[in-house]
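Chain residues, written in single-letter form:
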Amino acid sequence: MDNRIVLALYKGNRSGKWYSPSVLQARLGDWLIRKFTRSPYSHCEIAVNKGNGQYDCYSASLRDGGVRMKTMPLPADKWDLIPVNQQDAYIDVLNYFAQTRGKPYDFIGACGVILGIKGSLKKWFCSEWCATVLGLVEPERFSPNSLAKHLSDRILGEQRMRQTLARAVLEQRKIPR
């Protein structure tokens, strides 16, 4: 498994002067997403740690016009990171990005997570793209928060399974008195 791959979840606010139209629009968009999804997160990315605090981030972004990759830092005050413990995750990211690069953003599909509306099969929103890369069923139903919960629950389940196995091994090794 490649421990360089993480699900990055945006919890920050766009930097800049609040009265700038682009900053105001971005902050309002983030707030609306968080409000309607009842979540601390407004966006997600599949991120590959490149070292020196830099990540190659893959996702669909309304701000960037659709499916794209960009290299950026993911400071802890703006991003939460959840490890993706999945075999061949890096290869899956690269392959899927090659197939979808430049595809437009699916605004209707993103709204559909809340409203139950189907989006376009030719467009993508962030959590749908990430869930697809991770091989999840019905990726269009995931918000950034529900995707984070799904991954966290899977990690907890794996940890519990390892603890249970370790206890069983210890029980077998006990010497009878």
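### Some thoughts on the pattern of salt bridges
- Here the structure, examined in full by the defined rule, presents 7 salt bridges.
- Two residues, aspartate 64 and arginine 68, come together in a salt bridge whose shortest N-O distance is 2.7 Å.
- Ionic pairing is found between glutamate 140 and lysine 118, a salt bridge with its closest N-O pair at 3.2 Å. Of this pair, glutamate 140 sits in the loop between helix H4 (126-133) and helix H5 (144-173) while lysine 118 sits in the loop between helix H3 (107-115) and H4; the two residues are 22 residues apart in sequence, bridging distant segments of the chain.
- Residue glutamate 140 is classed as partly exposed on the basis of its relative accessible area, which comes to 27%.

### Some words on the packing of helix H2 (residues 89-100) against H4
- At their nearest, the axes of H2 and H4 sit 9 Å apart, and the two run at 130° to each other. If you check the angle between H2 and H4, you find them oblique. As H2 runs across H4, the sense of the crossing is right-handed. Contacts between H2 and H4 involve Asp92, Val93, Tyr96, Phe97 and Thr100 from the first element and Trp129, Thr132 and Val133 from the second.

### Re the sheet that holds strand S5 (residues 79-83)
- The 5 strands are arranged S4-S3-S2-S1-S5 in an open sheet whose pairing can be described as antiparallel. Strands at the two margins of the open sheet, each flanked by one partner only, are strand S4 (66-73) and S5. On average, each strand axis in the sheet is inclined to that of its neighbour by 30°, with strand direction left out of account.
- In this sheet, strand S2 (residues 43-51) lies alongside strand S1 (residues 5-10) in antiparallel orientation, the contact comprising 6 bridges. Residue pairing for S2: leucine 9 is matched across the bridge by cysteine 44.
- On top of the sheet, H2 reaches S1, S2, strand S3 (54-61) and S4; it is set at about 135° to S4, its chief contact.

### Section: H2
- Along its 12 residues, H2 runs 16 Å from first to last C-alpha, staying within 8% of the 16 Å computed at 1.5 Å per residue.
- Among all positions of H2, only Ala89, Val93, Tyr96, Phe97 and Thr100 are buried. Down the axis of H2, the buried side of the element spans an arc of 105°, and every buried residue falls inside it. Exposed residues pointing more than 90 degrees away from the buried face of H2 are listed as Ala98 and Gln99.
- Summarising the contacts, the buried residues of H2 are in contact with S1, S2, S3, S4 and H4.
- Looking one or two residues beyond H2, the residue adopting positive phi is glycine 102, at roughly 85°.

What counts and what doesn't
Residues numbered from 1 in each chain as written. Predicted model: local features only at pLDDT ≥ 70, side-chain atom pairs only at ≥ 80, totals over all residues. Heavy atoms only, no water. Salt bridge = Lys/Arg side-chain N within 4 Å of Asp/Glu carboxyl O. Helix = DSSP H or I, 4+ residues; strand = E, 2+ residues; numbered from the N terminus. Buried < 20%, exposed > 50% of the residue type's maximum accessible area, 1.4 Å probe, protein only. Axes fitted to C-alpha atoms, helices over the stretch in contact; angles between N-to-C directions. Parallel < 35°, antiparallel > 145°, perpendicular 65-115°, else oblique. Left-handed = near helix turned anticlockwise from the far one by under 90°. Contact = heavy atoms within 4.5 Å. Pairing = 2+ DSSP bridges. Expected span 1.5 Å × (residues − 1). Arc of directions from axis to C-beta.

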